[in-house]
Amino acid sequence: MQGHLSVWLVKHGLVHRSLGFDYQGIETLQIKPEDWHSIAVILYVYGYNYLRSQCAYDVAPGGLLASVYHLTRIEYGVDQPEEVCIKVFAPRSNPRIPSVFWVWKSVDFQERESYDMLGISYENHPRLKRILMPESWIGWPLRKDYIAPNFYEIQDAH
């Protein structure tokens, strides 16, 4: 079943895939990485002016990586704002997704965290560098196939 946003995107010739609805009734759409930036701009102009959150996850060991965006359409005088969840999948071998920093500035630290933990490179992000791990850290700690390097914690001796 398609939601009203999916129907609107189809009507305007915008390529996507409907993934149905989550447990709260929020429409979920899949967008290809090469289409993501232009569709993000269109969604912003359409009224989805608030980026509630961005996160990323590893779909399966050796499989795809996903970047997830939760967008909200806020209008004056509306008690129940419209929400949509956008999923953009990227191959593990070259996980590149266009950054939407220039559309929603609040995605800055969130895309950096996804880069730091999963290695998804957000193209055209102005400050894409590690945010949680040291710059010298090797690998992407939240990938399911990540193998932790030998790590020895120095503790105070009492």
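Note: the structure precedes this text.
Everything in this summary refers to the structure shown in the same document. All values derive from a computational prediction rather than experimental measurement.

Parameters and conventions
- Residues numbered from 1 in each chain as written.
- Predicted model: local features only at pLDDT ≥ 70, side-chain atom pairs only at ≥ 80, totals over all residues.
- Heavy atoms only, no water.
- Helix = DSSP H or I, 4+ residues; strand = E, 2+ residues; numbered from the N terminus.
- Contact = heavy atoms within 4.5 Å.
- Salt bridge = Lys/Arg side-chain N within 4 Å of Asp/Glu carboxyl O.
- Buried < 20%, exposed > 50% of the residue type's maximum accessible area, 1.4 Å probe, protein only.
- Pairing = 2+ DSSP bridges.
- Axes fitted to C-alpha atoms, helices over the stretch in contact; angles between N-to-C directions.
- Core = buried A, V, L, I, M, F, W, Y, C linked by side-chain atoms within 4.5 Å.
- Phe/Tyr/Trp six-rings, centres within 6.5 Å; stacked < 30°, edge-to-face > 60°.
- Lys NZ or Arg CZ within 6 Å of the ring centre and 35° of its normal.

1. Re the side chain of Gln 54
Okay, so step 1: Here Gln 54 is to be found in strand E3 (residues 50–58).
Okay, so step 2: Residues within four places of Gln 54 in sequence aside, it is in contact with Ser 67, Val 68, Tyr 69, Val 107, Gln 110, Glu 111, Ser 114 and Tyr 122.

2. What to know about the pattern of salt bridges
Okay, so step 1: Within this structure, the stated rule accounts for 8 salt bridges.
Okay, so step 2: The shortest N-O distance in the salt bridge between Glu 83 and Arg 52 comes to 3.1 Å. With a gap of 31 residues between them, Glu 83 in strand E5 (residues 82–90) and Arg 52 in strand E3 connect regions that are remote in the sequence.
Okay, so step 3: Using a relative accessible area of 27% as the deciding quantity, one classes Glu 83 as partly exposed.

3. What to know about the sheet that holds E3
As a general point, the strands of a sheet are linked pairwise by backbone hydrogen bonds and lie either parallel or antiparallel.
Okay, so step 1: On the basis of which strands lie adjacent, the open sheet formed by 5 strands has the order E1-E2-E5-E4-E3 and mixed pairing. Both edges of this open sheet fall to strand E1 (17–21) and E3, since each of them pairs with a single strand only. Sheet twist, expressed as the average angle between the axes of neighbouring strands with direction ignored, equals 20 degrees.
Okay, so step 2: Where strand E2 (residues 27–30) meets E5, 4 bridges bridge the pair, whose relative direction is parallel. Paired with Thr 28 across the strands is Cys 85, a residue of E5.
Okay, so step 3: Sheet strands touched by helix H1 (residues 4–11): E1, E2 and E5. Its angle to E2, the strand with the most contacts, is close to 35 degrees.
Okay, so step 4: Seen against the sheet, helix H3 (residues 108–118) touches E3 and strand E4 (65–73) and runs at an angle of roughly 5 degrees to E3.

4. Some words on the nonpolar core
Okay, so step 1: Ranked by size, the top nonpolar core spans 28 residues in total, and within it Trp 36, Tyr 69, Leu 71 and Ile 86 carry the most contacts.
Okay, so step 2: Beyond its immediate sequence surroundings of up to four residues, Trp 36 is in contact with Ile 31, Leu 43, Tyr 69, Ile 86, Val 88, Ile 97, Pro 98, Val 100 and Trp 104.

5. Some words on the packing of aromatic side chains
Okay, so step 1: If you walk through the whole model with that rule in mind, you get 7 aromatic pairs.
Okay, so step 2: A connected cluster of aromatic rings, assembled from ring pairs, spans Trp 36, Tyr 44, Tyr 69 and Trp 104.
Okay, so step 3: The aromatic ring of Tyr 46 is capped on one face by Arg 73, whose charged end is 4.3 Å from the ring centroid.

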